[in-house]
Amino acid sequence: MCGIVGYVGTDAAKPFLIEGLKRLEYRGYDSAGFALYDPKSKDFIIRRSVGHVEALVEATHGMGDHERLGIAHTRWATHGVPSEVNAHPHRAGGLVLVHNGIIENHAQIKNQLIAEGVSFSSQTDTEVFVRLIEKHCLRLALAQKLVFLEATPLQKRDIALHALQRAASEVEGHYAVIFLIQGIEDCIFGLQAGAPLVLGQCKSGGLVASDLQAMLSHTSEVSFVPVSTIFEVSKGLSHFYDVKTLEEKTVKLEKIEWSSEKVAKDGFDHFMLKEIFQQPSVIADTLSGRMPLSELGSFVWDNPVAHEALWKNVKKVYLIACGTAYHSAMVAKYYFEKWAKLSVEVDIASEFRYRNPVFEVGTIVGVISQSGETADTLAALRLANEKGLTTFSVCNVPGSTIMRESNFQYSTKAGPEIGVASTKAFTAQLTVLTALAYDVAHLRGLSPNSKDSDEGFRSLARLPQDIESVLAHADEFQAVGASLENKKTILFIGRGTMYPIALEGALKLKEITYRHAEGYAAGELKHGPIALVDKDLAAVVMAPPDELHAKTLSNLEEIRSRGAFIVGIGEDKDTEFRKLCNSYIALPKTTWTTAPVLYVIPTQLISYGLARKLGCSIDKPRNLAKSVTVE
Ligand code: M6R
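Residues numbered from 1 in each chain as written. Predicted model: local features only at pLDDT ≥ 70, side-chain atom pairs only at ≥ 80, totals over all residues. Heavy atoms only, no water.

### Focus on helix α20 (residues 595-614)
Taking 1.5 Å per residue as the helical rise, α20 with its 20 residues ought to reach 28 Å, and the 29 Å between its terminal C-alpha atoms agrees with that figure. Of all 20 residues in α20, 17 are buried, a share of seventy percent or more. Once α20 finishes, glycine 615 follows within two positions and takes phi at roughly 70°, a positive value. (Helix = DSSP H or I, 4+ residues; strand = E, 2+ residues; numbered from the N terminus. Expected span 1.5 Å × (residues − 1). Buried < 20%, exposed > 50% of the residue type's maximum accessible area, 1.4 Å probe, protein only.)

### Side note on the site of the ligand
The environment of the ligand is formed by 15 residues, the closest being Ser369, Gln370, Ser371, Thr374 and Glu511. One of the side-chain N or O atoms of serine 371 is found 2.7 Å from an oxygen atom in the ligand. For the ligand, whose accessible area on its own is 410 Å², the fraction buried by protein is 90%. Where the shell around the ligand is concerned, the elements lending two or more residues are α9 (323-340) and α17 (498-513). Of the residues contributing to the shell around the ligand, the split by class is 6 nonpolar, 7 polar and 2 charged. Of the domains in this structure, domain 2 (265-466) and domain 3 (473-625) are the two that each give at least three residues to the shell around the ligand. (Near = heavy atom within 4 Å. Polar contact = N/O pair within 3.5 Å; in protein donor to acceptor, adjacent residues only side chain to side chain. Areas by Shrake-Rupley, 256 points an atom, 1.4 Å probe, with all protein chains shown as cover. Nonpolar A, V, L, I, M, F, W, Y, C, P; charged D, E, K, R; others polar. Domains from an automatic or database assignment.)

### Observations concerning helix α5 (residues 153-170)
Look at α5: 26 Å from first C-alpha to last across 18 residues, which is about the 26 Å you get at 1.5 Å a residue. Along α5, the residues classified as buried are Lys156, Ile159, Ala160, Leu161, Ala163, Leu164, Gln165, Ala167 and Ala168. The elements touched by buried residues of α5 are α4 (125-143), β7 (175-181), β8 (188-193), β12 (229-234) and β13 (237-242). (Contact = heavy atoms within 4.5 Å.)

### Focus: the packing of helix α15 (residues 463-471) against α20
Where α15 contacts α20, the axes come no closer than 10 Å and their chain directions differ by 30°. In terms of orientation, α15 and α20 fall into the roughly parallel class. As for the relative orientation of α15 and α20, their crossing is right-handed in sense. Seen from α15, the contacting residues are Leu463, Asp466, Ile467, Val470 and Leu471; seen from α20, they are Val597, Leu598, Ile601, Pro602 and Leu605. In terms of residue class, the contact of α15 with α20 is made up of 9 nonpolar, no polar and 1 charged. (Axes fitted to C-alpha atoms, helices over the stretch in contact; angles between N-to-C directions. Parallel < 35°, antiparallel > 145°, perpendicular 65-115°, else oblique. Left-handed = near helix turned anticlockwise from the far one by under 90°.)

### Notes on the pairing of strand β23 (residues 537-542)
In terms of burial, β23 is a largely internal element, 6 of the 6 residues being buried. In this sheet, β23 lies alongside strand β21 (residues 489-494) in parallel orientation, the contact comprising 5 bridges. Counterpart to isoleucine 493 in the pairing with β23 is valine 541. In the classification by handedness, the crossover that spans β23, the intervening helix α18 (residues 549-560) and the parallel strand β24 (residues 565-571) is right-handed. (Pairing = 2+ DSSP bridges. Right-handed = clockwise from strand over helix to strand, strands pointing away.)

### A look at the sheet that holds strand β1 (residues 3-9)
Across the sheet, which stays open at both edges, the 8 strands sit in the order β3-β2-β4-β1-β10-β9-β11-β15 with antiparallel pairing between neighbours. Since the sheet does not close on itself, it has two edges, and those belong to β3 (43-50) and β15 (254-255), each with one partner. Across 3 bridges, the pairing between strand β9 (residues 198-201) and strand β11 (residues 221-224) is antiparallel. Following the sheet pairing, glycine 200 is matched in β11 by valine 222. Sheet strands touched by helix α1 (residues 13-24): β1, β2 (31-38), β4 (69-75) and β10 (205-209). Its angle to β1, the strand with the most contacts, is close to 160°.

### Comments concerning the side chain of histidine 99
You can see histidine 99 is positioned in strand β6 (residues 95-101). A relative accessible area of 2% places histidine 99 in the buried class. Among the polar contacts made by the side chain of histidine 99, one reaches the main-chain carbonyl oxygen of glycine 101 at a distance of 3.2 Å. For histidine 99, the residues in contact, after removing those within four places along its chain, are Cys2, Ile4, His73, His88, Asp125, Thr126, Tyr175, Ala176 and Val177.

### Considering the nonpolar core
Membership of the largest hydrophobic core comes to 87 residues, with the highest contact counts inside it found for Trp311, Phe336, Phe392, Tyr410 and Phe492. Of the domains in this structure, domain 2 (265-466) and domain 3 (473-625) are the two that each give at least three residues to this core. Ile109, Leu113, Leu140 and Ile184 belong to the second largest nonpolar core, which has 39 residues in total. (Core = buried A, V, L, I, M, F, W, Y, C linked by side-chain atoms within 4.5 Å.)

### Considering the sheet that holds β12
If you trace the 7 strands from one edge of the open sheet to the other, you get β5-β6-β7-β8-β12-β13-β14, paired in antiparallel fashion. Each having just a single partner strand, β5 (90-92) and β14 (248-249) make up the two edges of the open sheet.

### What to know about the domain arrangement of the protein
When the parts of a complex come together, some accessible area is lost, and that lost area is often taken as the interface size. Once the domains are mapped, the protein shows domain 1 (3-262), domain 2 (265-466) and domain 3 (473-625). Between the C-alpha centres of domain 1 and domain 3 the distance comes to 45 Å. Contact with domain 1, which involves 7 residues of that partner, is made by 5 residues of domain 3. Sorting the residues of domain 1 by area buried against domain 3 places Tyr26, Tyr29 and Trp76 first, and these three jointly supply 74% of that buried surface. Scanning the region where domain 1 abuts domain 3 turns up 1 salt bridge. Notably, a salt bridge pairs glutamate 25 with lysine 620, separated by 2.8 Å at the nearest N-O pair. (Buried area = accessible area lost by both parts, 1.4 Å probe. Salt bridge = Lys/Arg side-chain N within 4 Å of Asp/Glu carboxyl O.)

### Quick word on empty space enclosed by the protein
What the rule picks out here adds up to 3 cavities of 30 Å³ or more. Considered as a void within the structure, the largest cavity measures approximately 170 Å³ in volume. Taken together, 20 residues line the largest cavity, and the ones lying closest to its centre are Arg27, Asp211, Ser371, Glu373 and Val397. Structurally, the lining of the largest cavity is a two-domain feature, drawing no fewer than three residues from each of domain 1 (3-262) and domain 2 (265-466). Its volume calculated, the second largest cavity comes out at about 90 Å³. Lining the second largest cavity are 14 residues, and of these Cys2, Trp76, Thr78, His88 and Gly101 lie nearest its centre. Among the secondary structure elements, those contributing two or more residues to the lining of the second largest cavity are β6 and α4. Looking at the lining of the second largest cavity, the element that brings in the most residues is β6, giving 3 residues. (1 Å grid on protein atoms, 1.4 Å probe; cavity = no way out; pocket = protein on both sides within 12 Å on 5 of 7 lines; lining within 4 Å. Points joined across faces, edges and corners; volume = space filled by probe spheres on them.)

### Structural notes on unusual backbone geometry
Only a minority of non-glycine residues have a phi that is not negative, and only a minority of peptide bonds are not trans. Note that the residue after histidine 88, namely proline 89, is joined by a cis bond; omega there is 0°. Within the secondary structure, proline 89 sits in the loop between β4 and β5. Even without being a glycine, lysine 341 presents a positive backbone phi close to 50°. Mapped onto the secondary structure, lysine 341 falls in the loop between α9 and β17 (343-348).

### Focus on the packing of aromatic side chains
Inspection of the entire model under this criterion finds 21 aromatic pairs. Aromatic side chains tryptophan 311 and phenylalanine 336 sit 5.6 Å apart centroid to centroid with 20° between the ring planes, which places their arrangement in the stacked category. In this pair, tryptophan 311 is assigned in helix α8 (residues 304-311) and phenylalanine 336 in helix α9, connecting sequence segments 25 residues apart. Members of the aromatic cluster, joined through ring pairs, are Phe299, Trp301, Trp311, Tyr335, Phe336, Trp339, Phe392, Phe408, Tyr410, Tyr438, Phe457 and Trp592. The positively charged end of lysine 110 is found above the aromatic ring belonging to phenylalanine 120, 5.0 Å away from the centroid. Taking NZ or CZ as reference, lysine 338 lies 4.4 Å from the ring centre of tryptophan 592, over its face. (Phe/Tyr/Trp six-rings, centres within 6.5 Å; stacked < 30°, edge-to-face > 60°. Lys NZ or Arg CZ within 6 Å of the ring centre and 35° of its normal.)

Structure representation (structure tokens):
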């Protein structure tokens, strides 16, 4: 959460900062700001404004066009309301700083600083941190009989790095900061203490950002700053130091395959719609080079030997994630249990990390995450690593912390996902997990029931085409969504793998329409939620023709008879189901293997259609951010 960007070089910094902020806006969009260093006045130019980055652009039109050093920030408020005074950057004497993450013991440190005579202008934990660094700068300078602001650039740099080290040892939390020092015209300083930062060099200078996407149009070679690392970046040079010892360390440069063209709307009204329509190619890319030639072969993963070793003696699998990624884990449980006969426990990361799970010998932990930076998922992964368990990740962002810290990686190939509501990353997660469960069954000498296996395998291979044929009706699905405008509650129900898909449908609808939606296992309705049903409620019922079909239709009858408006999602030829519905979304023939991917797509478009009708902010829904890097 929150986006950080910095530029130092020979070109004007502001265009780099604004472009970076726009690309990072999905991380937070309640306020934005920048600080530029003006070499003439030898001081900072700081501008901040409430609202989207565009508001900052308008408020600063025609100014700050020549300065060549700057840092910027787009905020998702944690401490203090979204306001100009709480927006970043925050200044303390000769330092100006932007921050992502949380300083957990900020209140205690603030009280201590106040007692020492320091005054504060904002409610943020960020200001506490920059004032703490400043305090140490002043003290360290004094110890050397210097006045910090009057010291030479070299002395200031040395003092500031030691001051940062001291401040870091006093604060608790997971965070990242970058800052400028008054009088140093060619360098950005920073610390990665548990929130991601990436450094890169373009022709004209050095770049730093909290996310790859801010620099993809300038360079594809980057260094991911390791946790507990202080760094300095200038044109052509980056140096990294251990936060505890200040000893220099080497961080490798990595080539990134994503390109900046992918981070554009390409004629679609919203990133979310573009991403929904990218699903055929995303699934094709995710399967490409991995599918065996026949159902008897093995899937091809990046490191086949390590993959086989990983699954050899596994007795139990934990799948851990948050939000939409958690729903993909729920679907995967059905496949691992049925095909690979493996016991699977699925956990919400924020619960798992604070429980005391009992791990048997042979337990493997998989974490699933689009961003690879979600704080709770990362903490769950670290917990599993600390317990000595083998871990793997299913992740979309190359080089992300979760990818780097897991023992084995199964990448999804969805490309940059900008819409806050996850769509293509979810179907890519489902695809990888389905293929993985299928493959693990083979590795364990268990061929899924031969008829199922054969049909399932072929349906996985033709999934991109099947998605195309579903998307051919996208306008109709959006119209169904728009028709729910006057419904107060929208219930999504299903059984088996359609239960997590119902949860996902409801989550998407809540996120982008702000309408009350619930996802339920159809068999649970009678245990409470049926009390909600009246004519103001719509139920989206998902019932592919599987072994639970008849049971789902019985549940449908129960709510239909109580006045609910029924939207059915089922097979084209399913006339029995169709006649029970007020509105029916007809899908092509699917298999148990691919139904979750194909059935979730209409729910994405129902939510999109309703959000459009209601005039909601689709790509940047209120109160949300794409990458949840605080717990
Ligand atoms: O990046 P992650 O997959 O770890 O993110 C997990 C959730 O925050 C995310 O799926 C969230 O629920 C989405 N906004 C859903 O659309």
